[in-house]
Structure formats: C-alpha cells, structure tokens
Amino acid sequence: MSCLHLYLISCAQHGIDTDADVVAILLDRNKTAGLEKFNKNFPLHSHLERNSHASVEVVEMLVDACPDSLRMHGDAGACPLVTYLCAGSINQLVDSLVVEFLLQRRSHHWLKRMA
C-alpha cells in the first residue's frame, strides 16, 4: 500500500479532513502514486469511499494524477461518483462541488477519448 493510499484511507476512517498540501507532497514525491491500486481502488476511490470529508481540491489533484480513474470501478464495483454518492448516504453528507466536478470531468474525459 502506498503512503498516499494509507493517508487517504486513514483520513476517511477517522473522519478527519484530508490535507491538500499533504496529498500534493505525496503525489510530488511519487509520480506514480495516483496510478497505483490497493484492493482494486485507485487513490480517488480511497478518498471518496465512506468519506464525508472529501474535498474538491483533493479530488481534482487525484483526477489529474490519474484521469482514467474516473471511469474505473473500485472494490465496491462502482465508479468514483457512485462510490461517493453511496458513501454519502452512509455519512449523510455529500459535497455538491465534488459531485459537480466529477460529472464535468467525467464528461470531458469521455468526449476527449471519443475524439
């Protein structure tokens, strides 16, 4: 498990905010960290799964690090947007900015792949 995965999972499990500066440092120190999977999850999945403290800033960094993670299914069998929305039903807190960002980037990524 990468340090990035460990940090993202720990933040989600303990219900604490994910520090964007820490994520930026971890991505900078390990250029492939955004591409690495743990239990079928990319870091984007790990950040969004059961995490009421997900931030759009961290989501954007993780998507930039691995754009394909937007359409990949994680260990829950769902793409990151569905994972986040289902996790929101558990935590009863979904950030509309995160949902909007994921929808926009997923559409943009899909159109770019079709061109």
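Placed above this text is the structure.
Quantities reported herein were computed from a predicted structural model and do not represent experimental measurements. (Residues numbered from 1 in each chain as written. Predicted model: local features only at pLDDT ≥ 70, side-chain atom pairs only at ≥ 80, totals over all residues. Heavy atoms only, no water.)

## Some thoughts on the environment of L48
Keep this limit in mind: Only DSSP runs of H or I reaching four residues or more are called helices, and only runs of E reaching two or more are called strands; each is numbered from the N terminus.
As for its placement among the helices and strands, L48 is situated in helix α3 (residues 43-48). Considering only alpha carbons, one finds L48 and V58, ten residues apart in sequence, at a separation of 10.0 Å.

## Remarks on unusual backbone geometry
Backbone phi values are negative for most residues with the exception of glycine, while trans is the configuration of most peptide bonds. At N39, a position not held by glycine, the phi torsion is positive, near 50 degrees. Tracing the sequence through the fold places N39 in the loop between α2 (20-29) and α3.

## As for the environment of I9
Topologically, I9 is positioned in helix α1 (residues 3-14). Counting along the chain gives 34 residues from I9 to P43, while the straight-line C-alpha distance between them is 8.8 Å.

## Re the pattern of salt bridges
Going by this rule: One speaks of a salt bridge when a side-chain nitrogen belonging to Lys or Arg is within 4 Å of a carboxyl oxygen belonging to Asp or Glu. In this scheme, a residue with accessible area under 20% of its type's maximum is buried, one over 50% is exposed, and one in between is partly exposed, where area comes from a 1.4 Å probe on protein chains only.
Tallied over the full model, the rule gives three salt bridges. As a salt-bridge pair, D64 and R105 come within 2.9 Å of each other at their nearest N and O atoms. Here D64 is found in helix α4 (residues 56-65), whereas its partner R105 is found in helix α6 (residues 96-114), with 41 residues between them in sequence. Using a relative accessible area of 46% as the deciding quantity, one classes D64 as partly exposed.

## Structural notes on a negative patch on the surface
This is how the line gets drawn: Each patch is built from salt-bridge-free residues with over 30% relative accessible area, joining like charges within 9 Å and nonpolar side chains (Val, Leu, Ile, Met, Phe, Trp, Tyr) within 5 Å. Per-residue and other accessible areas were derived by the Shrake-Rupley procedure at a 1.4 Å probe size, with only the shown protein chains allowed to occlude residues. When charges are tallied, Lys and Arg are placed among the positive residues and Asp and Glu among the negative ones, while His and the ends of the chain are skipped. Just so you know, the charge point we use is NZ for Lys, CZ for Arg, CG for Asp and CD for Glu.
Together, D17, D19, D21, E57 and E60 make up a region of like negative charge exposed at the surface. Judged by relative accessible area, which is 36%, D19 ranks as partly exposed.

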